[in-house]
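What follows is each chain in one-letter form.
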Amino acid sequence: MAPIPAGGAAPLPRHVAIIMDGNGRWAKTRHRPRIAGHRQGVEAVRRVTRAARAMGIEALTLYAFSSENWRRPEDEVSDLMGLLRLFIRTDLDEMARENVRLRVIGDYQRFSTDTVTLVEDAIARTATNTGPILVIALNYGAQAEIASAARRLAEKARDGTLDPATIDEAAIEAELDTSDLPPLDLLIRTSGEIRLSNFLLWQAAYAELLFVETLWPDFDAATLAEAVAEFGNRQRRFGGL
């Protein structure tokens, strides 16, 4: 459980994750192309990452591209990748200056060579930073993540370096993409949809879930503050009384 700050204030979530949903609907209601919604979504990413840093949130994980998003039209996927590259190029200096450590979860190696190189260079440049962690989920799917963890454990058991009888929750967590992150405290989904869409399924076991009507391009520091306040009002028992 997150510690209670001095003065008896409500606890602050250490790790917040967001399913950024609603870019397309934001654009549709304004009779604009979907790419316009995605561009505004990038602006929301900037606002929210800065707000999370200011609030003292240790880790912020953003669902940027799911393993299912490949089913979208090719031109939309291309636009999303272009915006990702633009975000890294324009915001990397700020992340480095603000001591932010960039992490990526998911099989981002499937992307184009220039995108992979850009991502890995950004990760390397911020690897020694000691401040808040910004995690971008790229080509990520929670079921695939859990299956990969199970395969690695099975391989260790096959090779004789692991006794299958010792495999427990901690052993599985150690093989997940998020093994070096704080436990997930709060998972937010925007746009009014009420589902997890294959995002952080294992990690969300005891996370607080919050579904908000706000479309992602309209999400800002005030919306994040409201979500964190809601988190602080909840009683987290973790199965106890």
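Residues numbered from 1 in each chain as written. Predicted model: local features only at pLDDT ≥ 70, side-chain atom pairs only at ≥ 80, totals over all residues. Heavy atoms only, no water.

Student: Would you take a moment to explain the overall build of the protein for this structure?
Tutor: A tally of regular secondary structure across the protein gives seven helices and six strands. Each helix (α) and strand (β) of the protein, taken in turn from the N terminus, gives the series β-α-α-β-α-β-α-β-α-α-β-β-α. Relative to its length of 241 residues, the protein is compact, with a C-alpha radius of gyration of 18 Å against a globular reference of 18 Å. Across the 241 residues in the protein, those meeting the buried criterion constitute 47%. The contacts in the protein between residues at least 6 apart in sequence include a share of 77% that link residues at least 24 apart. Accessible surface, the protein as shown: approximately 12200 Å² in total, 51% of it carbon and sulfur. (Helix = DSSP H or I, 4+ residues; strand = E, 2+ residues; numbered from the N terminus. Rg over C-alpha atoms; globule rule 2.2 N^0.38 Å. Buried < 20%, exposed > 50% of the residue type's maximum accessible area, 1.4 Å probe, protein only. Contact = heavy atoms within 4.5 Å. Areas by Shrake-Rupley, 256 points an atom, 1.4 Å probe, with all protein chains shown as cover.)

Student: Even after reading the chapter, I still don't get the pairing of strand β4 (residues 133-140), so can you show me in this structure?
Tutor: Counting buried positions along β4 yields eight of eight residues, so the element is predominantly enclosed. Across seven bridges, the pairing between strand β2 (residues 59-66) and β4 is parallel. In the strand pairing of β4, Y63 is matched with A137. (Pairing = 2+ DSSP bridges.)

Student: Help me understand the nonpolar core in this model?
Tutor: What tends to happen in soluble globular proteins is that the nonpolar side chains get buried as a cluster. Residues I18, L134, L138, I188 and L224 are the most contacted members of the largest nonpolar core, which totals 45 residues. The element that contributes the greatest number of residues to this core is helix α3 (residues 74-97), accounting for nine residues. Apart from the residues within four sequence positions on either side, L224 is in contact with V48, A51, A52, M55, I57, I188 and F219. If you look at the next biggest cluster of nonpolar residues, it comprises 17 residues, including I19, A59, Y140 and A207. (Core = buried A, V, L, I, M, F, W, Y, C linked by side-chain atoms within 4.5 Å.)

Student: I'm lost on the side chain of T126 in this one. Help?
Tutor: Counting through the fold element by element, T126 comes out in helix α4 (residues 113-126). When near neighbours in sequence (up to four residues on either side) are disregarded, T126 contacts L92, V100, R101 and L102.

Student: Got a minute to help me understand the side chain of N23 in this structure?
Tutor: Among the secondary structure elements, N23 is positioned in helix α1 (residues 23-29). Setting aside its immediate chain neighbours within four residues, N23 contacts G37, H38, G41, W216 and P217.

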